[in-house]
Amino acid sequence: LFDGIYPFYPQQRKAAGFDISTIIVIVVFLTLACSFLLIIPGIRGRARLYWTLRVLLSLFVGVVIVVVQFTGDWETGWVQANTSYKSFSSVQVNADIGLHIGLAGVNVTLRGNPVQQLNETINYNEHFPWNFGADYDRSYSQGLEKGLPSPILYVAEKFTMQSPCAVHRQYRIAGHYASAMLWVAFCTWIISNILFSMPVLIYGGYMLLVTGAFMIFSLLSFSTVRNSPMCPIQIGTRTLHVAYGGSFWLMVAIGLLCFVVGITIVAVHHLNLELLKTFFDLREDKAEEYQEMPEVFINPHFGNKDL
């Protein structure tokens, strides 16, 4: 033993705190935000506030559209129960069992109360993917071979293709189309930023409305899973229920925000164009374009007296 650990055997798996893809996306957008903050002191006057508001709001919308592709809390559920820990054993433990459903798969969490029970650390978070190109049943079979705790295998079994619940196909297709809609929304978000920078303000507002529409379409696509009744997940004497999670409601908020901003830009364009140009820092260009020269100097040696 080396500090209580067998050095030549696989170490005990630890619970996943955050998805690596999510961290990468957040770091990329934070880098863009920090780069903008470095140049913001070079913008003079009230335009500095307008630029900061526009850029940070736009980056926030973009990072949310991409991050929710990899999150696992579109639907979540927790239950605390006394349950068996291992197969072929009557020994029970008190634990929190969590179910986290995303667009690309399902995460099942098992956390003991307390974590140290039966001389073991009961703290698991297992991911079973169902996105296209992944084999959910194979991941479940690998979990059986590894000897995962019984509560995790029981919950994961509900989403296999052979399960009588028959929800695997519904979740897989709904997640696929919701993800596709979000990628389209990301593309329209990029186009809207290009239009705002050209600047073609009203068309940028229209593209923001299209972005919000595709976000809502993705939510409607994922909501179709509610058409299939979910099998009861009975753990001990308790039942695990799932409800819409943080990613779902965050997409609702961002979609409505895109609608509000898009409608506001279109309305202000028709009602008060000068105010919109002020917010997008376009009035100075117009002022310079029509600025008159205060004095004109003429060289008398080259001037034509008749003129």
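Residues numbered from 1 in each chain as written. Predicted model: local features only at pLDDT ≥ 70, side-chain atom pairs only at ≥ 80, totals over all residues. Heavy atoms only, no water.

1. Some details on the pairing of strand S2 (residues 92-101)
- Among the ten residues that make up S2, eight are buried, leaving the element largely enclosed by the rest of the structure.
- Here seven bridges tie S2 to strand S3 (residues 105-117), and the two strands are oriented antiparallel to one another. Within S3, the residue paired with His-100 across the bridge is Asn-107.
- The hairpin formed by S2 and S3 contains three residues between the paired strands. (Buried < 20%, exposed > 50% of the residue type's maximum accessible area, 1.4 Å probe, protein only. Helix = DSSP H or I, 4+ residues; strand = E, 2+ residues; numbered from the N terminus. Pairing = 2+ DSSP bridges.)

2. Structural notes on the environment of Arg-238
- Here Arg-238 is to be found in strand S6 (residues 238-240).
- Considering only alpha carbons, one finds Arg-238 and Thr-83, 155 residues apart in sequence, at a separation of 9.7 Å.
- In this structure Arg-238 touches Val-79, Gln-80, Ala-81 and Ile-233, once residues within four positions along its chain are discounted. (Contact = heavy atoms within 4.5 Å.)

3. Describing the UniProt feature "transmembrane region" (unreviewed entry) in the protein
- Per the UniProt record, "transmembrane region" (unreviewed entry) is annotated on residues 20-39, 51-71, 91-110, 177-196, 202-222 and 242-268.
- Helix makes up 100% of residues 202-222 and strand 0%, with an end-to-end C-alpha separation of 31 Å. (UniProt positions renumbered as here; feature names shortened; annotations may be inferred.)

4. Remarks on the environment of Tyr-171
- Relative to the helices and strands, Tyr-171 is located in helix H5 (residues 168-197).
- Considering only alpha carbons, one finds Tyr-171 and Phe-222, 51 residues apart in sequence, at a separation of 7.8 Å.
- Leave out the neighbours within four places in its chain, and Tyr-171 touches Glu-75, Ile-101, Trp-130, Phe-159, Phe-222 and Val-225.
- A polar contact is formed between the side chain of Tyr-171 and the side chain of Glu-75, at a distance of 2.7 Å. (Polar contact = N/O pair within 3.5 Å; in protein donor to acceptor, adjacent residues only side chain to side chain.)

5. Here we look at the nonpolar core
- Residues Trp-74, Leu-99 and Phe-159 are the most contacted members of the largest nonpolar core, which totals 68 residues.
- Broken down by element, the residue count for this core peaks at nine residues, all from helix H2 (residues 47-67). (Core = buried A, V, L, I, M, F, W, Y, C linked by side-chain atoms within 4.5 Å.)

6. A word on the pattern of salt bridges
- This model, assessed by the stated rule, comprises two salt bridges.
- A salt bridge links Glu-120 to Lys-86, with the shortest nitrogen-to-oxygen separation between them at 2.9 Å. Pair noted here: Glu-120 is in strand S4 (residues 120-129) and Lys-86 is in the loop between strand S1 (75-84) and S2, with a separation of 34 residues, a long-range link.
- Judged by its relative accessible area of 44%, Lys-86 is partly exposed.
- When the shortest N-O distance is used, the salt bridge between Lys-146 and Glu-126 registers 3.9 Å. Of this pair, Lys-146 sits in helix H3 (residues 136-146) while Glu-126 is found in strand S4, placing the two residues 20 residues apart along the sequence. (Salt bridge = Lys/Arg side-chain N within 4 Å of Asp/Glu carboxyl O.)

7. Some words on the state of the cysteines
- Per the counting criterion, the structure on display carries one disulfide.
- Put simply, Cys-165 and Cys-231 are joined by a disulfide, and their sulfur atoms are 2.2 Å apart. Here Cys-165 and Cys-231 share a disulfide; its torsion about the S-S bond, -135°, makes the bridge left-handed. Pair noted here: Cys-165 is in the loop between helix H4 (150-157) and H5 and Cys-231 is in the loop between helix H6 (201-223) and strand S5 (233-235), with a separation of 66 residues, a long-range link. (Disulfide = S-S within 2.5 Å.)

8. A look at the sheet that holds strand S7 (residues 243-244)
- Across the sheet, five strands lie side by side as S4-S3-S2-S1-S7; this open sheet has antiparallel pairing. In this open sheet, the two strands that pair with only one neighbour each are S4 and S7.
- As defined by bridge partners, S1 adjoins S2 across ten bridges and the pair is classed as antiparallel. Its bridge partner lying in S2, Gly-77 is registered against Leu-99.

9. Let's talk about the packing of aromatic side chains
- Within the structure shown, the criterion is met by 16 aromatic pairs.
- With a centroid separation of 5.9 Å and 45° between ring planes, the pair formed by Trp-130 and Phe-159 is classed as tilted. In this pair, Trp-130 is assigned in the loop between S4 and H3 and Phe-159 in the loop between H4 and H5, connecting sequence segments 29 residues apart. Side by side, Trp-130 and Phe-159 carry an identical accessibility label, which is buried.
- Consider the rings of Phe-159 and Tyr-171, whose centres lie 5.8 Å apart with planes at 70°: the pair is edge-to-face. Of this pair, Phe-159 sits in the loop between H4 and H5 while Tyr-171 sits in helix H5, and the two are twelve residues apart along the sequence. (Phe/Tyr/Trp six-rings, centres within 6.5 Å; stacked < 30°, edge-to-face > 60°.)

10. Comments concerning the confidence of the model for the protein
- Per-residue confidence for the protein gives a mean pLDDT of 82; residues scoring 70 or more make up 86%.
- When mean pLDDT is taken per element in the protein, H6 scores highest with 93 and helix H9 (residues 283-289) scores lowest with 47.
- Of the regions scoring below 50 in pLDDT, residues 8-12 engages in four contacts with residues more than four places distant in sequence or in other chains.
- Segment residues 285-293 is flagged for pLDDT under 50; beyond a separation of four residues in sequence, or across chains, it makes two contacts in the model. (pLDDT = per-residue confidence, 0-100.)

11. A closer look at the packing of H2 against helix H7 (residues 246-271)
- As a packed pair, H2 and H7 sit with axes 11 Å apart at the nearest point and diverge in direction by 140°. Classed by the angle they form, the pair H2 and H7 counts as oblique. Crossing angle aside, the handedness with which H2 passes H7 is left-handed. Counted together, Leu-57, Phe-60, Val-61 and Val-64 of H2 and Leu-250, Met-251, Ile-254, Leu-257, Cys-258 and Val-261 of H7 form the full contact between these two elements.
- Considered class by class, the residues forming the contact of H2 with H7 number ten nonpolar, no polar and no charged. (Axes fitted to C-alpha atoms, helices over the stretch in contact; angles between N-to-C directions. Parallel < 35°, antiparallel > 145°, perpendicular 65-115°, else oblique. Left-handed = near helix turned anticlockwise from the far one by under 90°. Nonpolar A, V, L, I, M, F, W, Y, C, P; charged D, E, K, R; others polar.)

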